[in-house]
Amino acid sequence: ISSIKSPSRPEIFEFAGIPMISYFTKNWEKLKNFQARPDDILIATYPKAGTTWVSYILDLLYFGKVDPNGQSSLPIYMRVPFLESCFPGMPSGTELADNLPNSPRLIKTHLPVQLVPKSFWEQNSRVVYVARNAKDNVVSYFHSDRMNHGQPEPGDWNTFLEDFLKGEVVFGSWFDHVCGWWEKKKTYPNLHYMLYEDMAKDINGEVESLCTFLKLSRSDEEKNKIINSVQFDAMKQNKMTNYSTIPTMDFKISPFMRKGKVGDWKNHFTLAQNEQFDEVYKQKMKNTTLNFRTKI
Ligand code: A3P
């Protein structure tokens, strides 16, 4: 991993109708033809919605007992490949996934639903989607882009907020992303749709329903152990989950495990920004049954 070069900040451009950067489009041919397996679990999220959190929960549920050595020696981004990623000096997401020794494979993506390689649907692979309320999501994305040099320059908070509302950020519109995946659930039963806020409020309940979806039975003792390991502070301390081994991220600007709270948006939005946001939100979400909480 130390061989990863710190890339210069990428340009954003439109790709298949979505704002993207080359690190996520360079490997498109291989990505499009990626061969999924029936037992794969695709972890899909809009960036900064709790991907790492749910990835680690799944990693521990499946491999906590059988492969604890792997967990203590390989960072989460090697154990749960980021499918569309293709960074200089690092194996691409498809390569990592193709070479995963374990089964089921846990695979991460931020792609909007219409761009997911079709093999996942053909194989009827399981999908775990996590969505986070837009206000906390945009705050987290802003801080993440400030510190992650693998992403475009976010500009100041006001600029970033406007770009986010227009859908002009990497992976496109939050609205299209969360609603697109929500629609997919209607025709694809193998999709489990989760909310960050539910995980923050009742992690036990969320782990329980994940187990039901995945048809896993784990003892209370195992589940309690997992729940302790996936607490924000535990993951922040854990070098294998806190991204401290990635040189493109500057933790002096902001740590990857930043706050892990519901409602931090209140420390960022001005009254005017909040009103404008609510206006756009109402419009964009008027046709969906999807509901979010911005406090718990
Ligand atoms: P904040 O920036 O609000 O702190 P992703 O993994 O999709 O990149 O999402 C990162 C966000 O999830 C960050 O949000 C991070 O702190 C939060 N997060 C990661 N692990 C968490 C945990 N165990 N509990 C609560 N939040 C967590």
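Here, the structure is the one placed above.
Notes on the structure in this doc start here. (Residues numbered from 1 in each chain as written. Predicted model: local features only at pLDDT ≥ 70, side-chain atom pairs only at ≥ 80, totals over all residues. Heavy atoms only, no water.)

Topic: the sheet that holds strand β4 (residues 106-109)
- Spatially, β4-β3-β5-β6 is the arrangement adopted by the 4 strands of the open sheet, whose pairing is parallel. Both edges of this open sheet fall to β4 and β6 (191-195), since each of them pairs with a single strand only. Strand-to-strand twist across the sheet, computed as the mean angle between neighbouring axes with direction ignored, equals 20°.
- Strands in contact with helix α9 (residues 174-187) are β3 (41-45), β5 (126-131) and β6; relative to β6, the strand with the most contacts, it is inclined by about 140°.
- Against the sheet, helix α11 (residues 203-214) makes contact with β3, β5 and β6, and its axis sits at roughly 175° relative to β6, the strand it touches most. (Pairing = 2+ DSSP bridges. Helix = DSSP H or I, 4+ residues; strand = E, 2+ residues; numbered from the N terminus. Axes fitted to C-alpha atoms, helices over the stretch in contact; angles between N-to-C directions. Contact = heavy atoms within 4.5 Å.)

Some words on the pattern of salt bridges
- Inspection of the entire model under this criterion finds 13 salt bridges.
- When the shortest N-O distance is used, the salt bridge between Arg 79 and Asp 67 registers 3.3 Å. Within this pair, whereas Arg 79 is found in helix α4 (residues 76-79), its partner Asp 67 is found in the loop between α2 (51-63) and α3 (68-73), the two being separated by 12 residues in sequence.
- Residue Asp 67 is classed as partly exposed on the basis of its relative accessible area of 27%.
- The closest approach of N and O atoms between Asp 264 and Arg 258, which form a salt bridge, is 3.0 Å.
- Taken together, the shared-partner salt bridges connect Asp 59, Asp 67 and Arg 79 into one network. (Salt bridge = Lys/Arg side-chain N within 4 Å of Asp/Glu carboxyl O. Buried < 20%, exposed > 50% of the residue type's maximum accessible area, 1.4 Å probe, protein only.)

Some words on the packing of aromatic side chains
- Within the structure shown, the criterion is met by 28 aromatic pairs.
- Ring centres of Phe 24 and Phe 82 lie 5.2 Å apart, and the angle between their planes is 50°; this geometry places the pair in the tilted category. Placement of the pair is Phe 24 in the loop between β2 (18-20) and α1 (28-32) and Phe 82 in the loop between α4 and α5 (93-98), with a sequence separation of 58 residues. Both residues of the pair, Phe 24 and Phe 82, count as buried.
- The ring of Tyr 196 is capped by Arg 132, whose NZ or CZ atom sits 3.9 Å from the centre of that ring.
- Positioned above the aromatic ring of Trp 265 is the side chain of Lys 135, whose terminal nitrogen or guanidinium carbon lies 4.3 Å from the ring centre. (Phe/Tyr/Trp six-rings, centres within 6.5 Å; stacked < 30°, edge-to-face > 60°. Lys NZ or Arg CZ within 6 Å of the ring centre and 35° of its normal.)

Regarding the site of the ligand
- Around the ligand sit 18 residues, and of these Thr 51, Thr 52, Ser 140, Lys 259 and Gly 260 come closest.
- Residue Thr 52 places a side-chain N or O atom 2.5 Å away from an oxygen atom belonging to the ligand.
- Here an oxygen atom of the ligand and a backbone polar atom of Gly 260 are 2.7 Å apart.
- Relative to its unbound accessible area of 570 Å², the ligand is 97% covered by the protein chains.
- Listed by contribution, the elements that provide at least two residues to the shell around the ligand are α2 and α13 (232-237).
- Ranked by residues supplied to the shell around the ligand, first place goes to α2 with 3 residues.
- Here the residues of the shell around the ligand are counted per class, giving 8 nonpolar, 6 polar and 4 charged. (Near = heavy atom within 4 Å. Polar contact = N/O pair within 3.5 Å; in protein donor to acceptor, adjacent residues only side chain to side chain. Areas by Shrake-Rupley, 256 points an atom, 1.4 Å probe, with all protein chains shown as cover. Nonpolar A, V, L, I, M, F, W, Y, C, P; charged D, E, K, R; others polar.)

Let's talk about unusual backbone geometry
- Residue Ser 103 is joined to Pro 104 through a cis peptide bond whose omega torsion reads 0°.
- Considering the arrangement of structural elements, one finds Pro 104 in the loop between α5 and β4.
- Located in the positive-phi region is Ala 16, a residue other than glycine, with phi close to 50°.
- Looking at Ala 16, the relative accessible area reads 53%, which means it is exposed.
- Located in the positive-phi region is Phe 171, a residue other than glycine, with phi close to 80°.
- Along the polypeptide, Phe 171 turns up in the loop between α8 (157-166) and α9.

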